[in-house]
Every structure is written in structure tokens, then in C-alpha cells.
Amino acid sequence: MTIKANQIESLIGTLHLSQVNLDELFRSRADLTPLKSVELFLSDQLRIRLDKQNQIRRKRARLPFEKTLESFDFGFQRSIRKEQMLQLSDMTWIEQSYNVCFLGPPGIGKTHLASALAMKALDKGYPVSFTTLDELMRLLKTENISSVSKSRLKYVGKSALVVIDEVGFLPLSSLEANLFFGFISRAVERTSLIITSNKGFDEWAEFLGDATITTAILDRLIHRCEILNMTGSSYRLEHRKTITNR
């Protein structure tokens with residue numbers, strides 16, 4: 001039985017495979033056996049599908065920017081070693097629901113490193129969510145009245161890795177502190193968290209406003225956690241750009 005090109009194209013569409021130029025495909029692989037041609041075709045289709053899935057994951061992650069470990073200036077920021085980050089970049093700790101906390105003053109690269117690890121997780125196929133603590137509070141407070149917030153929190157809850165940026169920049173109300181505690185409690189044991197904070201753990205009670213809740217949050221967060229205390233001056237201030245020539 002002879003199968004025509006349009007029949008093959010129809011089958012490709014039915015199977016929701018990516019469309020290809022069949023004439024070009026067979027010309028470029030004329031020296032291959034039919035079985036090898038099918039193998040290469042399916043390998044290409046798998047690669048295309050995985051690329052699309054990765055693009056979808058990146059869009060849903062909502063990273064503020066795409067940063068890499070390769071672009072991080074470890075020569076300027078010496079309080080953290082490149083070897084530490086390379087070890088974390090294998091992402092095996094996600095399978096064990098470990099957490100990572102970057103602590104230190106503003107401008108020293110905490111968000112850059114958190115985003116770089118998030119990118120590594122995305123490339124390895126993990127669903128990732130990025131949020132600031134302020135945005136997380138807005139979502140949690142409007143979950144019951146906003147379908148958008150509810151949908152976003154549903155995806156966050158299913159993510160293998162959740163990055164919570166800028167923890168400690170703004171004080172939380174009593175309601176918000178309780179919501180944060182509830183979120184951390186639900187995440188423990190099933191989701192890995194990356195936290196960036198401009199405050200050391202001994203200062204968290206100040207912005208959370210409750211020593212008991214602070215203890216409960218930290219008890220859950222740092223039970224299985226890599227804590228990276230970063231120091232130094234602001235990279236942005238040291239490398240600031242000016243409008244006028246001096």
C-alpha cells in the first residue's frame with residue numbers, strides 16, 4: 001500500500017506533532033534506512049515538544065529576568081563560592097524538598113543567584129514559580145475573591161520549586177504573618193523553597209511582628225535548608241551608570 005505525502009501530513013496533524021517539510025526531510029535523509037529516518041524524525045519531534053514545554057514552564061514561572069551562574073561575578077561577590085552554587089545547580093535537593101536561603105544586604109546578588117537556580121530547575125523539567133513576598137501576600141489575601149489569584153496560587157502549589165524574593169523588606173500585618181505561616185507549613189515536605197531576605201533570621205520577628213509565629217516559620221523552613229549568608233557592598237552601586245561624562 002502506497003502512502004502519499006498528504007496522508008502522512010494528516011497523520012502528523014492528528015497526532016499533534018510539529019509540521020515538517022516532507023520533501024526536505026526525505027531529501028536530507030535519502031541515505032538512511034526507513035527505520036533510521038523514523039527514529040530521527042521522532043527524536044526531532046521529542047526535542048521540539050520538550051522545548052515547547054520548557055518555554056511554557058518559563059512563562060508560568062514569571063521570573064523577573066533570566067540570569068545564569070555563568071554571568072554572576074564571583075570575583076566581586078566573594079562571600080559565596082562558585083563551587084557551592086555549582087553543587088546546588090545539580091538540583092537533586094529538589095527531590096528531597098530541601099530549601100535554600102540567601103541572606104544579606106540589598107544589591108549583593110541574592111535575586112540573581114535565586115533566579116539562576118530557578119533557571120537550572122526549569123531546564124531540568126521542574127515546574128517553578130517566582131514571587132516576591134509582597135506579591136504572595138496579595139495573592140493569598142485575594143484567593144477567595146479573585147479567580148486570577150486562585151489560579152496562580154494553584155500553580156504555585158503544584159510547583160516543585162518556589163522562589164520567594166524580598167522577604168523582610170516590608171513589615172507584615174498580623175493577618176499577613178499568619179498567611180505566610182500557613183503557606184510555609186503547606187509547602188514543607190512537598191515543595192522546595194528558595195528564600196532571599198535582606199535580614200538575618202534573628203531579625204525576622206521585627207517584620208513579622210510576632211515572635212511565636214517567627215519561631216514556627218523558621219522551625220519549618222530551616223529544618224532541611226542550605227543557608228547562605230552573603231556580605232559585601234552593592235554590586236549595583238559599585239557598577240552604577242551615569243548619564244553625563246565626568
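Throughout this document, residue positions are counted from 1 along each chain, in the order its sequence is written. Only residues with pLDDT of at least 70 get local features here, since the model is predicted, and only at 80 or more are side-chain atom pairs given and counted; chain-wide, interface and lining totals rely on the full set of residues. Heavy atoms from the whole structure form the basis of all side-chain values; hydrogens and water molecules are not counted.

Where helices and strands are cited, they refer to DSSP runs of H or I of at least four residues and of E of at least two residues respectively, numbered from the N terminus. Broken down by element type, the chain carries eleven helices and five strands. For the chain, the residues scored as buried account for 41% of the 246 residues in total. For the accessible areas, the method is Shrake-Rupley and the probe is 1.4 Å, while residue cover comes only from the protein chains on display. Just so you have it, the chain exposes about 14800 Å², and 52% of that area is on carbon and sulfur atoms. The buried label applies to any residue whose accessible area, calculated with a 1.4 Å probe on protein chains only, is under 20% of its type's maximum; exposed applies above 50%, and partly exposed to all values in between.

For this document, the term salt bridge refers to a Lys or Arg side-chain nitrogen within 4 Å of an Asp or Glu carboxyl oxygen. As enumerated under the stated definition, the model contains six salt bridges in all. Here Glu 66 makes a salt bridge to Arg 58, at a shortest N to O gap of 3.4 Å. A relative accessible area of 24% means that Arg 58 is categorised as partly exposed. Ionic pairing is found between Arg 58 and Asp 123, a salt bridge with its closest N-O pair at 2.4 Å.

Turning to the packing of helix 6 (residues 133–141) against helix 7 (residues 147–158), a few remarks are in order. Interaxial angle, 0 to 180 degrees, is taken between N-to-C directions of lines fitted to C-alpha atoms, where a helix line uses only the stretch in contact. Viewed as axis vectors pointing N to C, helix 6 and helix 7 meet at an angle of 120 degrees, and their least axial separation amounts to 8 Å. In this structure, the crossing between helix 6 and helix 7 has a hand that is left-handed. Seen from helix 6, the contacting residues are Leu 136, Arg 138, Leu 139 and Leu 140; seen from helix 7, they are Ser 149, Arg 152 and Leu 153. All amino acids are sorted into three groups, where Ala, Val, Leu, Ile, Met, Phe, Trp, Tyr, Cys and Pro are nonpolar, Asp, Glu, Lys and Arg are charged, and the leftover types, Gly among them, are polar. For the contact of helix 6 with helix 7, the class distribution of residues is four nonpolar, one polar and two charged. In this scheme the crossing of two helices becomes right-handed for a clockwise turn of the near helix relative to the far one and left-handed for an anticlockwise turn of less than a right angle. In what follows, a contact means two residues having at least one pair of non-hydrogen atoms within 4.5 Å.

Here we come to the environment of Thr 68. With respect to the helices and strands, Thr 68 occurs in the loop between helix 3 (34–61) and helix 4 (82–88). Considering only alpha carbons, one finds Thr 68 and Leu 117, 49 residues apart in sequence, at a separation of 7.8 Å. Filtering out sequence-adjacent residues up to four positions away, Thr 68 remains in contact with His 112 and Ala 116.

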